[in-house]
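Close look at the chain arrangement
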Amino acid sequence: TQLLEQSPQFLSIQEGENLTVYCNSSSVFSSLQWYRQEPGEGPVLLVTVVTGGEVKKLKRLTFQFGDARKDSSLHITAAQPGDTGLYLCAGESTSGTYKYIFGTGTRLKVLA
Amino acid sequence: GAGVSQTPSNKVTEKGKYVELRCDPISGHTALYWYRQSLGQGPEFLIYFQGTGAADDSGLPNDRFFAVRPEGSVSTLKIQRTERGDSAVYLCASSTWMNTEAFFGQGTRLTVV
């Protein structure tokens, strides 16, 4: 069974601080996605990383896929209250059915 | 439609009752997924359809859960003899065949009392 563990589970920081969220597994994934989910809404895709070692930037967010495609990180620079939400990583199963396995989630709160 | 639509948005049912949850995917999307999300957790995979057929139903917890997609568009998740542990938000997502980006609906919050 492919599992994804995220850390930390909860994070409360002040506006302007930097943070990193980690997504780890003992399994290899074909690709990995990061989502952000707000209360009462479905997850919204932020980025997909496919190649080991790949780094993608989305404004103040930097995503990295581990060289072995088993782990990933999300770094946010100068966090803003609008970044508050549940961040989820999801790995594409290697079983070939395009199934995504979601991580346990990191709940971020950015205080003004 | 413009996005994935799920109905109802909220459903309260008594233990032991049968419920149906509906998902209208984005028009033209051939892949459809059902996930279940408990409070404070990440979504848990239930079943994946490619067209009319279930390509992977390995996430269905037991035989009380069943899903159909008879015409390759709308899907219905059916839960028999509901239990309090079935209470969760049930999320549906759809994607195109070759594009792995899945678009999620807002979910149906099921409460079994």
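The text that follows walks through the structure, step by step, so that each part is easy to find. (Residues numbered from 1 in each chain as written. Chains lettered and ligands numbered in written order. Predicted model: local features only at pLDDT ≥ 70, side-chain atom pairs only at ≥ 80, totals over all residues. Heavy atoms only, no water.)

**With respect to the overall build of chain B**
- Secondary structure summary: chain B contains zero helices and eleven strands in total.
- When the helices and strands of chain B are listed from N to C terminus, the series reads β-β-β-β-β-β-β-β-β-β-β.
- Taking 2.2 N^0.38 as the reference for a compact globule, 113 residues should give roughly 13 Å; the C-alpha atoms of chain B span a radius of gyration of 13 Å, in line with that estimate.
- Projected onto its principal axes, the C-alpha coordinates of chain B cover approximately 40 × 25 × 25 Å.
- When the 113 residues of chain B are sorted by exposure, 46% land in the buried category.
- Relative to all contacts within chain B whose residues are 6 or more apart in sequence, the contacts with residues 24 or more apart total 53%. (Helix = DSSP H or I, 4+ residues; strand = E, 2+ residues; numbered from the N terminus. Rg over C-alpha atoms; globule rule 2.2 N^0.38 Å. Buried < 20%, exposed > 50% of the residue type's maximum accessible area, 1.4 Å probe, protein only. Contact = heavy atoms within 4.5 Å.)

**Comments concerning the pattern of salt bridges**
- The tally for this structure, following the rule as stated, stands at seven salt bridges over all chains.
- The partner of Glu38 of chain A in a salt bridge is Arg36 of chain A, with the nearest N and O atoms 3.2 Å apart.
- A salt bridge links Asp83 of chain A to Arg60 of chain A; its shortest N-O distance comes to 2.9 Å. Of the two residues, Asp83 of chain A sits in the loop between β8 (71–76) and β9 (85–92) while Arg60 of chain A sits in the loop between β6 (55–58) and β7 (61–65), which places them 23 residues apart along the sequence.
- Assessed through its relative accessible area of 23%, Arg60 of chain A is described here as partly exposed.
- A single network of salt bridges, built from pairs that share partners, joins Arg64, Glu83 and Asp86 of chain B. (Salt bridge = Lys/Arg side-chain N within 4 Å of Asp/Glu carboxyl O.)

**Some thoughts on the interface of chain A and chain B**
- With 18 residues of chain A at the interface, the matching set in chain B holds 20 residues.
- Counting the surface lost from both chain A and chain B, the interface buries some 1600 Å², and carbon and sulfur atoms represent 52% of this.
- Our count for the chain A to chain B interface comes out at zero salt bridges.
- Counting every contact that joins chain A to chain B gives three residue pairs in polar contact (both at pLDDT 80 or more).
- For the side of chain A that touches chain B, the secondary structure elements donating two or more residues are β4 (32–37), β9 and β10 (100–102) of chain A.
- Top contributing element to the side of chain A that touches chain B by residue count: β4 of chain A, with three residues.
- Residues of the side of chain A that touches chain B, tallied by class, amount to eight nonpolar, seven polar and three charged. (Buried area = accessible area lost by both parts, 1.4 Å probe. Polar contact = N/O pair within 3.5 Å; in protein donor to acceptor, adjacent residues only side chain to side chain. Nonpolar A, V, L, I, M, F, W, Y, C, P; charged D, E, K, R; others polar.)

**A closer look at the layout of surface pockets**
- In this structure, the largest pocket encloses a volume near 400 Å³.
- Considering the residues around the largest pocket, the lining is formed by 20 residues, among which Gln37 and Gly40 of chain A together with Gln37, Val89 and Arg109 of chain B are closest to the centre.
- The biggest single contributor to the lining of the largest pocket is strand β9 (residues 88–95) of chain B, with three residues.
- Class assignment for the residues of the lining of the largest pocket results in six nonpolar, ten polar and four charged.
- Volume-wise, the second largest pocket comes out at about 310 Å³.
- What lines the second largest pocket is a set of 19 residues, and nearest its centre among them are Gln2, Leu3, Ile101 and Phe102 of chain A together with Glu44 of chain B.
- For the lining of the second largest pocket, the elements supplying multiple residues, two or more each, are β10 of chain A together with β5 (44–50) of chain B.
- Tallied by class, residues from the lining of the second largest pocket come to eight nonpolar, eight polar and three charged. (1 Å grid on protein atoms, 1.4 Å probe; cavity = no way out; pocket = protein on both sides within 12 Å on 5 of 7 lines; lining within 4 Å. Points joined across faces, edges and corners; volume = space filled by probe spheres on them.)

**A look at the sheet that holds strand β7 (residues 65–68) of chain B**
Residues and elements named next belong to chain B.
- Read across the open sheet, the four strands follow the order β1-β3-β8-β7; overall the sheet is antiparallel. The open sheet has two free edges, formed respectively by β1 (5–7) and β7, since each of these has just one partner strand. On average, each strand axis in the sheet is inclined to that of its neighbour by 15°, with strand direction left out of account.
- Inspection of the sheet shows β7 paired to strand β8 (residues 75–79) by four bridges, in the antiparallel sense. By the bridge assignment for β8, Val68 is matched with Thr76. (Pairing = 2+ DSSP bridges. Axes fitted to C-alpha atoms, helices over the stretch in contact; angles between N-to-C directions.)

**Some thoughts on the nonpolar core**
- Within the largest apolar cluster, 21 residues are counted, with the highest numbers of intra-cluster contacts made by Leu19, Leu32, Trp34, Leu74, Ile76 and Leu108 of chain A.
- Contributions of two or more residues to this core are made by β3 (19–24), β4, β5 (44–49), β7, β8, β9 and β11 (106–111) of chain A.
- Counting residues in each nonpolar core, the second largest holds 20 residues, with Val19, Leu21, Ile26 and Leu77 of chain B among its members. (Core = buried A, V, L, I, M, F, W, Y, C linked by side-chain atoms within 4.5 Å.)

**A few points about the sheet that holds β3 of chain A**
All names here are of chain A.
- Overall, antiparallel pairing links the five strands, which are arranged β1-β3-β8-β7-β6 in an open sheet. Two strands lie at the open edges of the sheet, namely β1 (5–7) and β6, each paired on one side alone. For this sheet the average axis-to-axis angle between neighbouring strands, irrespective of direction, equals 15°.
- Bridge analysis of β6 against β7 gives four bridges, and the strand direction is antiparallel. Directly across from Lys57, in β7, lies its bridge partner Thr62.

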